[in-house]
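If you want the building blocks of each chain, they are given just below.
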Amino acid sequence: MKSGKRTKKQILALSIKIVVTIFVLFVILTVVMLGVLGGIGPLGFIKENRLKNMAGNAEEYHLENVEVLKESPLLGKSICFLGSSVTDGDASLGVSFADYIAKRNQCSYVKEAVGGTTLIDNGKSSYIQRMINNIDVNTQFDAFVCQLSTNDATQKKPLGSISESTELQDFDISTITGALEYIICYVEQTWDCPVIFYTNTKYDSEQYETMVGILYNLQEKWDIGIIDLWNNEEMNAVSEENRSLYMADRIHPTQAGYLLWWTPVIEEELYSIIQNTD
């Protein structure tokens, strides 16, 4: 009996050791992955170093080396940019087209961008909550530029449908379409400036393609601006060599991608919209 009891204790002790070992390995792997992919935690420097070594993030593309335009329709204007990692510059060391546009055109800007966040209102970091809580209602904006979030597509958030209403309280902000309508309506009521949505360049996502189509349906109702990089044939026909320079992955541009590929197109669209509203 004693021998049997000792055996059971040994088995239990061994089982505990195995569970603890697996847990420790899981924690270590999680920390490493967060550092490598997310730039988070004590190993966050791994991602930063990887990004710094990309050709598309070379010094020649750094913000401080960008020249100011001699003339610009955006000179002295104020623009708000709302979005997630693509607006923030997640793969480009925190610099995106928003920063390049502000520098090149000498305009003031607010960049309210947090990686991994969604259009749908699922907590304090959502587009809607950050728009309401983080952006000064007293600021006078000449344009409000919002990213059509790739996160909603990746996470397969519900698409929803266009409301017959134009009242904030009537939009279903648990859906993509409802959240888009809420943002449009809130911006118009709060800052009374043009509302413009921009899309990513094309990547493999049927959900995102559907979301781009929803923007055009909303344009008919709300008369919003759309900077459509998704359907821009010239941009999407870029060579593989340039694409590897311009993109860190299928969604996130490098500094070269923003500066040489996205910024000129977005600027021209903003010029047209601003000049038509002046």
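Right above here is the structure, for reference.
The sections below set out a description of the structure shown in this document. (Residues numbered from 1 in each chain as written. Predicted model: local features only at pLDDT ≥ 70, side-chain atom pairs only at ≥ 80, totals over all residues. Heavy atoms only, no water.)

## As for the state of the cysteines
Under the criterion given, the structure shown has 0 disulfides. The closest cysteine sulfur to the non-disulfide-bonded Cys80 is located on Cys193, 8.0 Å from its own sulfur. Residue classification places Cys80 among the buried positions, given a relative accessible area of 0%. (Disulfide = S-S within 2.5 Å. Buried < 20%, exposed > 50% of the residue type's maximum accessible area, 1.4 Å probe, protein only.)

## Side note on the sheet that holds strand S3 (residues 143–147)
In spatial order, the strands read S2-S1-S3-S4-S5; together these 5 strands make up an open sheet with parallel pairing. The open sheet has two free edges, formed respectively by strand S2 (108–113) and strand S5 (225–227), since each of these has just one partner strand. Strand-to-strand twist in this sheet, taken as the mean axis angle between neighbours without regard to direction, amounts to 20°. As judged from the 3 bridges shared by strand S4 (residues 195–198) and S5, these two strands associate in the parallel manner. Across the sheet, Tyr198 pairs through a bridge with Ile227, a residue of S5. The sheet contacts of helix H4 (residues 97–105) involve strand S1 (78–83), S2 and S4, and relative to S2 the element is tilted by about 175°. Sheet strands in contact with helix H8 (residues 206–222) are S4 and S5, and its direction is about 150° off that of S5. (Pairing = 2+ DSSP bridges. Helix = DSSP H or I, 4+ residues; strand = E, 2+ residues; numbered from the N terminus. Axes fitted to C-alpha atoms, helices over the stretch in contact; angles between N-to-C directions. Contact = heavy atoms within 4.5 Å.)

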